[in-house]
Amino acid sequence: MTLSVAIQMDPIERIRIAGDTGFALMLEAQARGHTLYTYTPDKLSLRDGKVTAPIRPVTVRDVEGDHFTLGAEEKVDLSQLDVVLLRQDPPFDMAYVTTTHMLERIHPKTLVVNNPTEVRNAPEKIFVTHFPELMPPTLITRDRAEIEAFRDEYGEIVMKPLYGHGGATVFKTGKGDPNFGSLFDLFSNLFREPWVVQGFIKEVTEGDKRIILIDGKAAGAVNRVPAVGDLRANMVRGGAARPTDLSKQELAICEAIGPELSRRGLLLVGIDVIHGKLTEINVTAPTGVRAIKKLGGPDLAAQLWDVIEAKR
């Protein structure tokens, strides 16, 4: 079975292939004989009920600096394709949300991974709050009094923008911190949306585990250890990838949330777990697939394509 597959992504020449999950999916799809196309989200159009984009055929190779060749551009009705991979990076802003409104016009006739309606309905730092029993203490607000009361209750806290990504603008603060007022003002000026405030988990120094679930089942994991002097374990922020196994508690988390992920058509999900506490459920463009394989773990790109092919 040969599938026509378009990848909605950031410009392919800008991606860092060594850690890019979307690129891993492209390599696996190509190895299976599927036909690949690429386009950027700003090229989507909706007219008379049809969603179109100028797509370009692409071949890929795992060679840094020489990782792709593009063919001639052709405007197509995306409903005529078999699969669209939604792989552009956040921020999860109105531009991103708009693409989900457009792509839901073609799904599931064209299988969009992940389901665009559920990507829109499951923003990563809010969707996770459906499972409060699995989380650290968490507050979502931009009300200063609420944040200060939360800080008084839990001492050290972490603040991050609700729709941020990649560990950007994540801060730790505590009782009596003279920088808190300036930090609050900075966030107020930078972001209109609320913030996520969580009780600080000191064991983050031991790692922030990224666990990949495929169609609701735990498939592999990587432990991301923060650099010295940084609380952020994201690999784009200097975190070091380490091989890992899943504890009974982490498996229990996956079993608790997995059925809901599968029901929503969220086929590729990356969750973040610190010291047995679920902190995020990443559904937009989750990463970690290449790191897991490089560290001797399973080939999750192959597992995902097995699922996609079965659904087509």
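Under an unreviewed UniProt entry, the name given to the protein is Glutathione synthetase, and the organism recorded is Bosea spartocytisi. Its UniProt record, at the heading Pathway (unreviewed entry), says of the protein: "Sulfur metabolism; glutathione biosynthesis; glutathione from L-cysteine and L-glutamate: step 2/2." Under the Catalytic activity (unreviewed entry) heading, UniProt states for the protein: "gamma-L-glutamyl-L-cysteine + glycine + ATP = glutathione + ADP + phosphate + H(+)".

1. Looking at the sheet that holds strand 12 (residues 195-199)
Overall, antiparallel pairing links the four strands, which are arranged 9-12-10-11 in an open sheet. The open sheet has two edge strands with one neighbour each: strand 9 (138-141) and strand 11 (171-173). Here the average twist between neighbouring strands, direction ignored, is 25°. Across four bridges, strand 9 lies against strand 12 in antiparallel orientation. Bridging across to strand 12, threonine 138 finds its partner in glutamine 198. Most of the contacts of helix 5 (residues 144-154) go to strand 9, to which it runs at about 165°, and overall it touches strand 9, strand 10 (157-161), strand 11 and strand 12.

2. Regarding the environment of isoleucine 106
Of note, isoleucine 106 is situated in the loop between helix 2 (94-103) and strand 8 (111-113). In sequence terms isoleucine 106 and isoleucine 15 are 91 residues apart; their C-alpha atoms lie 26 Å from each other. Ignoring any residue separated from it by four or fewer positions in sequence, one finds isoleucine 106 in contact with Val51, Leu78, Ser79, Val84 and Val112.

3. A few points about the environment of aspartate 143
Following the sequence through the fold, aspartate 143 ends up in the loop between strand 9 and helix 5. The class of aspartate 143 is partly exposed, set by a relative accessible area of 39%. On a C-alpha basis, the gap between aspartate 143 and valine 113 in space is 36 Å, while along the polypeptide they are 30 residues apart. Within the structure, the side chain of aspartate 143 is placed 3.2 Å from the backbone nitrogen of alanine 145, a separation counted as a polar contact.

4. A look at a nonpolar patch on the surface
Among the surface-exposed residues, Phe171, Leu186 and Leu190 lie close enough to one another that they form a single nonpolar patch of about 250 Å² accessible area. Structurally, phenylalanine 171 is set in strand 11. A relative accessible area of 31% means that phenylalanine 171 is categorised as partly exposed.

5. Considering the packing of aromatic side chains
Within this structure, the stated rule accounts for nine aromatic pairs. Where phenylalanine 180 meets phenylalanine 184, the ring centres are 6.4 Å apart and the plane angle is 40°; that geometry is what we call tilted. Taken together, the residues span about one helical turn, with phenylalanine 180 and phenylalanine 184 both in helix 6 (residues 180-190) at a distance of four residues. What makes phenylalanine 184 buried here is its relative accessible area of 11%. Ring geometry for phenylalanine 184 versus tryptophan 195: centroids 5.2 Å apart, planes at 90°, classification edge-to-face. Placement of phenylalanine 184 in helix 6 and of tryptophan 195 in strand 12 is noted, with a sequence separation of eleven residues between them. Of the two residues examined, phenylalanine 184 and tryptophan 195, each falls in the buried class. In this structure an aromatic cluster arises from ring pairing among Phe171, Phe180, Phe184, Phe187, Phe191 and Trp195. The ring of phenylalanine 184 carries arginine 144 above its face, with NZ or CZ at 5.4 Å from the centroid. Across from the ring centre of phenylalanine 200, 5.0 Å away, lies the NZ or CZ of lysine 172, which sits over that ring.

6. Focus: unusual backbone geometry
The omega torsion of the bond from histidine 107 to proline 108 falls at 10°, within 30 degrees of zero and hence cis. Residue placement: proline 108 occurs in the loop between helix 2 and strand 8. Backbone torsion omega between valine 113 and asparagine 114 reads 5°, so that peptide bond is classified as cis. In this fold, asparagine 114 is placed in the loop between strand 8 and helix 3 (116-121). Within the chain, aspartate 48 stands out as a residue other than glycine whose phi angle is a positive 50°.

7. Some words on the pattern of salt bridges
Applying the stated criterion across every chain, the model contains 20 salt bridges. A salt bridge links arginine 32 to aspartate 306, with the nearest nitrogen and oxygen atoms 2.9 Å apart. With arginine 32 in the loop between helix 1 (21-31) and strand 2 (35-39) and aspartate 306 in helix 9 (residues 300-311), this residue pair connects regions lying 274 residues apart in the sequence. Aspartate 306 gets classed as partly exposed once you look at its relative accessible area, which sits at 43%.

Parameters at a glance
- Every residue gets a number counted from 1 within its own chain, in the order that chain's sequence is written.
- For a predicted model such as this one, the threshold for reporting local features is a pLDDT of at least 70, and the threshold for listing and counting side-chain atom pairs is 80 or more; totals across whole chains, interfaces and linings nevertheless cover every residue.
- Where side-chain values are given, they derive from all heavy atoms of the structure, hydrogens and water being excluded.
- UniProt positions are given in the numbering used here, feature names are shortened, and annotations may be inferred rather than shown by experiment.
- Strand pairing is assigned whenever DSSP identifies at least 2 bridges connecting the two strands.
- Think of it this way: any DSSP run of H or I at least four residues long counts as a helix, any run of E at least two long counts as a strand, and we number them from the N terminus.
- Angles shown run from 0 to 180 degrees and are taken between the N-to-C directions of axes, each axis being a line fitted to C-alpha atoms and, for helices, limited to the stretch in contact.
- In this analysis, two residues are considered to be in contact whenever any of their non-hydrogen atoms come within 4.5 Å of each other.
- Categorising residues by exposure relies on relative accessible area from a 1.4 Å probe, with only protein chains included: less than 20% of the type maximum marks a residue as buried, more than 50% marks it as exposed, and the intermediate range marks it as partly exposed.
- The definition of a polar contact used here is a pair of N or O atoms within 3.5 Å, where within protein one atom must be able to donate a hydrogen and the other to accept one, and adjacent residues in sequence count solely through side-chain atom pairs.
- Within the patch definition used here, like charges are joined within 9 Å and nonpolar side chains (Val, Leu, Ile, Met, Phe, Trp, Tyr) within 5 Å, considering only residues with over 30% relative accessible area and no salt bridge.
- Areas reported here follow the Shrake-Rupley algorithm with a probe of radius 1.4 Å; residue values treat only the protein chains shown as occluding.
- What makes a salt bridge here is a side-chain nitrogen of Lys or Arg within 4 Å of a carboxyl oxygen of Asp or Glu, nothing more.
- What counts as a ring pair is set by centres within 6.5 Å for rings of Phe, Tyr and Trp (its six-membered ring), and what kind of pair is set by the plane angle: stacked under 30 degrees, edge-to-face over 60, tilted for all other angles.
- Only when the NZ of Lys or the CZ of Arg is both within 6 Å of the ring centre and within 35 degrees of the ring normal is a charge said to sit over the ring.

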